[in-house]
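Next come the chains, spelled out residue by residue.
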Amino acid sequence: MNQILTILIIGAISLIGNWIGYGVPIMESLPGIVLLAVITLIGMGFTKILPFKSPVIVWISLFAMLATSPFFPGSEYTAASIAKINLLALATPILAYAGLSLGKDIHLFKQLSWRIVVVSLVVFTGTFLFATLFAEIVFKIQGKF
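Residues numbered from 1 in each chain as written. Predicted model: local features only at pLDDT ≥ 70, side-chain atom pairs only at ≥ 80, totals over all residues. Heavy atoms only, no water.

As named in an unreviewed UniProt entry, the chain is DUF340 domain-containing protein, taken from Brevibacillus agri.

**Q** Looking at this structure, how should I read the domain arrangement of the chain?
**A** A common way to express how large an interface is: the accessible area buried when the components associate. Domains assigned within the chain are domain 1 (1–103) and domain 2 (112–144). Computed over C-alpha atoms only, the centres of domain 1 and domain 2 are separated by 25 Å. (Domains from an automatic or database assignment.)

**Q** Is there a simple way to explain the packing of helix α1 (residues 2–22) against helix α2 (residues 26–49) in this structure?
**A** In a packed pair of helices, the relevant descriptors are the angle between the two axes and the axis-to-axis distance. Packing of α1 against α2 brings their axes to within 10 Å, and their N-to-C directions diverge by 155 degrees. Classed by the angle they form, the pair α1 and α2 counts as roughly antiparallel. Viewed along their axes, α1 and α2 form a crossing whose handedness is right-handed. Of the residues in α2, those in contact with Gln-3, Ile-4, Ile-7, Gly-11, Ser-14, Leu-15, Asn-18 and Trp-19 of α1 are Ile-26, Ser-29, Leu-30, Ile-33, Ala-37, Thr-40, Leu-41, Met-44 and Lys-48. Taken together, the residues that form the contact of α1 with α2 break down as 10 nonpolar, 6 polar and 1 charged. (Axes fitted to C-alpha atoms, helices over the stretch in contact; angles between N-to-C directions. Helix = DSSP H or I, 4+ residues; strand = E, 2+ residues; numbered from the N terminus. Parallel < 35°, antiparallel > 145°, perpendicular 65-115°, else oblique. Left-handed = near helix turned anticlockwise from the far one by under 90°. Contact = heavy atoms within 4.5 Å. Nonpolar A, V, L, I, M, F, W, Y, C, P; charged D, E, K, R; others polar.)

Encoded structure:
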């Protein structure tokens, strides 16, 4: 029940952020938020019924890809509805929630000391460099550069 409530709160904040920050009326972005919430809940529910442990994000991503695939009924509507939601309007409340949840484990975070800074810098740098390399390769293949 806490997860459902959290998804509803994040959805409401995202609607308001999308309206204030990007000028998309709430009623226009509401279907996209509802679809994202439903896909998220389906992925979370699917993870709970599986006989093995797997990351929730795998199933949420899989169901989102299926829902927007050309062979899926209503995929055009789903993709168009979700496209009206700006990524930053959606990411802001999620990151705020993650930051708040980190606050309750601050004593564990302190035990990691300076090593977490080094690991974080290496991970961020590697992610950026490989994303850039991948984009460069794709652009070369497409003939854009």
